[in-house]
Number of protein chains: 2
Amino acid sequence: MSDTRDLLRERAARLDAADELAGHRGLFALDEGVYLDGNSLGALPRHVPDRVADVVARQWGQLRIRSWDESGWWTAPERIGARIAPLVGAAPGQLVVGDSTSVNVFKALVGAVRLVDDERRDEIVVDATTFPTDGYIARSAARLTGRTLVPVAPGEVVDAVGPRTAAVLVNHVDFRTGRLHDLPGITAAVRAAGALAVWDLCHSAGALPVGLDAHGVDLAVGCTYKYLNGGPGAPAYLYVARRHADRFDSPLPGWNSHADPFAMDPEYTAGEGAVRGRVGTPDILSMLALEAALDVWDGVDVAAVRAKSLALTDFFLECVGAYAPAGRVESLTPAAHAERGSQVALRCAEAPAVMAELIARGVVGDLRRPDVLRFGFTPLYVSFADAERAAAELADVLERIPAGTPAA
Amino acid sequence: MSDTRDLLRERAARLDAADELAGHRGLFALDEGVYLDGNSLGALPRHVPDRVADVVARQWGQLRIRSWDESGWWTAPERIGARIAPLVGAAPGQLVVGDSTSVNVFKALVGAVRLVDDERRDEIVVDATTFPTDGYIARSAARLTGRTLVPVAPGEVVDAVGPRTAAVLVNHVDFRTGRLHDLPGITAAVRAAGALAVWDLCHSAGALPVGLDAHGVDLAVGCTYKYLNGGPGAPAYLYVARRHADRFDSPLPGWNSHADPFAMDPEYTAGEGAVRGRVGTPDILSMLALEAALDVWDGVDVAAVRAKSLALTDFFLECVGAYAPAGRVESLTPAAHAERGSQVALRCAEAPAVMAELIARGVVGDLRRPDVLRFGFTPLYVSFADAERAAAELADVLERIPAGTPAA
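Residues numbered from 1 in each chain as written. Chains lettered and ligands numbered in written order. Predicted model: local features only at pLDDT ≥ 70, side-chain atom pairs only at ≥ 80, totals over all residues.

## A few points about the domain arrangement of chain A
All names here are of chain A.
Item 1. Domain annotation of chain A identifies domain 1 (2-30 + 301-400) and domain 2 (50-297).
Item 2. One C-alpha centre belongs to domain 1, the other to domain 2, and the line joining them spans 30 Å.
Item 3. Listed as interface residues are 21 residues of domain 1 and, on the opposing side, 14 residues of domain 2.
Item 4. The set of elements that each furnish at least two residues to the side of domain 1 that touches domain 2 consists of α11 (302-323) and β10 (343-347).
Item 5. Considering each element in turn, the side of domain 1 that touches domain 2 owes the most residues, five residues, to α11.
Item 6. Among the residues making up the side of domain 1 that touches domain 2, the classes are represented as 10 nonpolar, seven polar and four charged. (Domains from an automatic or database assignment. Contact = placed C-beta atoms within 7 Å. Helix = DSSP H or I, 4+ residues; strand = E, 2+ residues; numbered from the N terminus. Nonpolar A, V, L, I, M, F, W, Y, C, P; charged D, E, K, R; others polar.)

## A short note on the relation of the copies chain B and chain A
Item 1. Expressed as a screw operation, the relation of chain B to chain A combines 0.0 Å of axial shift with a rotation of 180°, fitting to an RMSD of 0.0 Å. The relationship between the two copies is best expressed as a two-fold rotation axis.
Item 2. A share of 100% of interface residues in chain B that are also interface residues in chain A marks the association as one of identical surfaces. (Least-squares fit on C-alpha atoms with pLDDT ≥ 70 in both.)

## Quick word on the sheet that holds strand β8 (residues 237-240) of chain B
Residues and elements named next belong to chain B.
Item 1. Strand order in the open sheet made by the seven strands is β2-β8-β7-β6-β5-β3-β4, with mixed pairing throughout. In this open sheet, the two strands that pair with only one neighbour each are β2 (95-97) and β4 (148-152). In this sheet, neighbouring strand axes are inclined to one another by 15° on average, regardless of whether the strands run parallel or antiparallel.
Item 2. Judged from the five bridges that link them, strand β3 (residues 123-127) and β4 form a sheet pairing that is parallel. Bridge pairing links Ile 124 to Leu 149 in β4. (Pairing = 2+ DSSP bridges. Axes fitted to C-alpha atoms, helices over the stretch in contact; angles between N-to-C directions.)

## With respect to the nonpolar core
Item 1. Core analysis: the biggest nonpolar cluster contains 274 residues, and A:Leu109, A:Val198, B:Leu109 and B:Val198 have the highest contact counts within it.
Item 2. Discounting residues that sit within four places of it in the chain, B:Leu109 has contacts with B:Ile124, B:Ala138, B:Ala141, B:Ala167, B:Leu169 and B:Val198. (Core = buried A, V, L, I, M, F, W, Y, C linked by C-beta atoms within 7 Å. Buried ≥ 20, exposed ≤ 12 C-beta atoms within 10 Å, placed from the backbone.)

## Looking at helix α4 (residues 76-84) of chain B
Item 1. Among all positions of α4(B), only B:Ala76, B:Pro77, B:Glu78, B:Ile80, B:Gly81 and B:Ile84 are buried.
Item 2. For α4(B), the secondary structure elements touched by its buried residues are β2, β8 and α10 (284-293) of chain B.

## Some remarks on the environment of B:Ala304
Residues and elements named next belong to chain B.
Item 1. Along the polypeptide, Ala 304 turns up in helix α11 (residues 302-323).
Item 2. Owing to 13 C-beta atoms within 10 Å, Ala 304 belongs among the partly exposed residues under this scheme.
Item 3. A sequence separation of 283 residues divides Ala 304 from Leu 21, and the C-alpha atoms of the two residues are 7.9 Å apart.
Item 4. If near-sequence neighbours (up to four positions away) are discounted, Ala 304 is found in contact with Glu 20 and Leu 21.

Structural data, given as C-alpha cells:
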C-alpha cells in the first residue's frame, strides 16, 4: 500500500495546489485534525468571536434597547435572508431567517395547504426517507389541516402526486446516504399535478447550487449551522416564492409578521413579502453570529464549491477503495455526480467502534445508528490532503478493529 | 420645588442604603444614565460576555460537534428550564426553554385544547387587552383546532368561562398599563369551569412571585429577555404542569422532543416530561447567554424583589406627583399593590416628544403609541435615586415641552 499511498498523497498535494478555494481554509478556526462533520456543525469562522463580542458588550451592554433600531436588530431576519438568497438561487425579498428548521417546515406545509386552498386536495406527500423531524412535523401539519399524510420514497414522488395532492415535502439531500434528489424534475412534476413543492435544503445549501427561483420551487426551508457555518442551532430560514407572497397565510402569525408591529393592534394584518414568515422576537445573538459567519461567502461562486465538493468526494471514495480492507465498508452514496450531495456514507458493521476510534485520532465524522459512518466534505475548508488522510486512518482503524467486533 | 426635591433625594438615599438588593446593581453593565426599560430588554450582566466568548471560541470553535455532549448543549433546554423554575414557583421538570414566546403560546394553546379533548368545549378565551401576539397566535390556534376565539377583558374572564370553554389565555401583567391580573383567582375560576388556564408571564417573571404550582396553573409561557436579563431575543420557556405532562401533545413535535431522538425513527414517540415542549435544534449561543445571565439570581429571594419593586414604583409615583406640572400626566398603573406589576405607565398627550427628550437625557423608558410613557423598574439594578432622578427629569421635560406640542 505504501507506493499507492505515496501516489495518492502526491495527487492530493497537486489537487490542493490547484484549488481556487484553498485560501478559504484560513478563514476558519481549525486544528491539526480532519473535520468531516461540517454537515452537522460547520466550523467557526475566525472573525466571528469578535463580532459576537461586539453584539454582546456594545450593542446589548451599552446601547441596550436602542440597538433594535441603531444596530439593525429589528431588520436582521430579512437582511440575513437576503445574504443567504444568492446561495440558494433566490432573488431578494423571498427569504427570512428565524426559528428552527422544524418550525419553518410547519409554517411552509400549513402555508402550502392554505395556498392550494382546495378541500379535494386532501393529501400531503412527504419524503419517507427524510430526516425524521420533517416527517413528524408534516404529520402534525396534516392533522391540523385535516389532510392525510402520504409517505413515499423520493423516487416515487413523481408517480404519487395527483389531483388529491396539496403539497409535497422532500429533502434535497438524504441526511443518511448523501443522495441528492432531483429538485428540478420533482418540482416540475409536483407543479404539473397542481400541487406545491416544498424543499428542505438543510444538507444542500452552501454545498451545491439549488436554483430555487430557476426551478420554480414554491416554498423551502433550511438550516444555517451546517454548510453555512452559522453556529450551533443558528436560526433557520423560510423561502416563499414571490408569486405566493401575498397569499402566504402563516399558522404562526406572531407580532413580528404584522404590517405595523408597533401599533400593537389587536387585529392582525399580515406584512408584505418575506416578513410574513417571521413570528416572535428574533434570537439576536445567534442570528448576528450567523450574519457574521456569512462573510466567508463573499466572492465565492457556488458552482466552484460544487465542483470541489464532487472532486473531494470522488477522491475520498478512490482513497477508501485503495486503502480499506476488502469487504469492510460499502458506500451508500451514489457514484453518479447528479445523485450525490457533499457527504460520503459508508456502511460498516463495526461503525460505532470505528467512528469512536477515528474521532480519537482527530478524524471527526459522525455515526448514524446502527451502521453508517458519515463523512461530510465542506468545500470551503476541507482539503484533498484531509480526504486522503481520513481514508488512510479509516483503513488503519479497520485493520485494528476486526470484522465482527461488537459495538461498545 | 427645591425643598421638596431635597427631601425626596434624602429619602432615596436612605432607601438605597437600606436596600438588601443594592449590591446586585454592580453585577450589571450600566452607565451614568437611568435605565427604565428592563421590562423590554434587561441590562447585560457583566460576566456574560466572557461566558459567551467561551461558548463561541472554545465550545464551538475547538470542540465543535463534541460540545453537544461535552459542553452540555443537548440538555440545555431542560437544564435552563430548571434554573427558571424556582423564579416562577415551579418544581423541577416542568419547564423547558426554547423558541420564541409566540411559538410557545401556540404549543400551549393547541396543547391545552388537546388535553381537554372535548368537542363541546369549542371556545378559547383570550385576554382582549393582551400583548397582541398572544391574540394573533390564539386566533391561529383556534382556527387550526376548530375552536372559536372569545376575546374578553381579564376582569371578565371569570364570568366568561363555562361549559364551552376549552382554555383561557391571560397575560399576568398588562404590557401597556402595568396592571397585575389575579392569577390565583382567575386560575381557580377557569379550572372550576373545567377548562385549562394558560398564563403569559412575560411581564411578571423575575419581578414578582408567580406561584405556578401553588395556584394550580395548567400551562404557562414567558420570555427571558426582560426581567430575566437573558439578552435580546433570548429563548422563551414553556411550563406544562406535571399532571398534564404525560398527555401533552405538542402541535410542533420536532425531533428534539422524541423519546430517542438519535434513533432517527420515522415514527414519532414523544419523550417524557418537559422535553415534550422541545421542537428543533436549540439556538445555543442565545440559550447559553441566558444560562450565564441567570447567575445573577443566585441567592435572590423573589419576595424581596417584589417588595423592592413595589417600593420603587410607589416612590416614583410619589416623586412624579410632587414634581410634575399639574394635569400633564395621568397614571394608568393601579395604585393598589395587588394590582400592580413592576412598571409605571403614564398617559401624556405629548408622550412621543417627551420620551424622545428623556432618552436624550439618559433616562430610558419607552413609548407605547400613541400616548403612553412606560417606565420599567427592575429591582436587581434600579435604585431609588434612579426613580427620583427620572421623575425630576420628566418634570423638567414637561416644563420645556408645553401641553399641545404635536408629535414630531
